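Structural characterization, general
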Amino acid sequence: MNILGAVGGDDDGDDKEKEEEAERERLEAIREAEERRKEKHRKMEEEREKMRQEIRDKYNIKKKEEIVDPVQEEPNPLMRKKKTPEELAREAEEADEDEFTKLKNTIETQVNELKSQIESKCVMQ
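Structural notes, computed from the coordinates. (Residues numbered from 1 in each chain as written. Predicted model: local features only at pLDDT ≥ 70, side-chain atom pairs only at ≥ 80, totals over all residues. Heavy atoms only, no water.)

**Some thoughts on the overall build of the chain**
The number of helices and strands found in the chain is four helices and zero strands. What you see in the chain, going N to C, is helices and strands ordered as α-α-α-α. Each of the 125 residues in the chain was classed as buried or not, and the buried ones make up 1%. In the structure as shown, the chain presents an accessible area of about 12,900 Å², 55% of it carried by carbon and sulfur atoms. (Helix = DSSP H or I, 4+ residues; strand = E, 2+ residues; numbered from the N terminus. Buried < 20%, exposed > 50% of the residue type's maximum accessible area, 1.4 Å probe, protein only. Areas by Shrake-Rupley, 256 points an atom, 1.4 Å probe, with all protein chains shown as cover.)

Pasting the structure below:
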């Protein structure tokens, strides 16, 4: 005989519903706080830009053209698109191709070209 189940009834479903509701409320509060933070920073940046423009106007300075990357803001970082292994490999390859590596590869190709030219002119008898 199970005495615990007979006295209290089935409260597991009710507890789960309360936990799910509490989790939804927590996630909603986090989202709202994030929106307020973003709005606050957007307003601060607008104010800074107004001050910058006033200084540019005062000293007759032209504004530098901003290069806008077509980066889309992800609504949720957990929901972003996963990169394929090919994309990851290409990014790793590009990271390896820094300025020093490019210079080294250029020098190596020039040395190999000179070596082949010298070898073609010098014939061993």
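Let's pick the thread back up.
**Notes on the pattern of salt bridges**
Enumeration according to the criterion identifies 14 salt bridges in this entry. Residues glutamate 28 and arginine 31 are paired through a salt bridge, measuring 2.3 Å at the closest nitrogen-oxygen approach. One end of the pair, glutamate 28, and the other, arginine 31, are both in helix α2 (residues 12-59), three residues apart, so they sit about a helical turn from each other. Residue class for arginine 31 comes out partly exposed when judged on its relative accessible area of 40%. Between glutamate 108 and lysine 104 there is a salt bridge, and its shortest N-O distance comes to 4.0 Å. Separated by four residues within a single helix, glutamate 108 and lysine 104 lie in helix α4 (residues 99-121), roughly one turn from each other. Taking relative accessible area as the criterion, glutamate 108 reaches 40% and is therefore assigned partly exposed. Overlapping salt bridges bring together Glu45, Arg48, Glu49, Arg52, Arg56 and Lys63 as one network. (Salt bridge = Lys/Arg side-chain N within 4 Å of Asp/Glu carboxyl O.)

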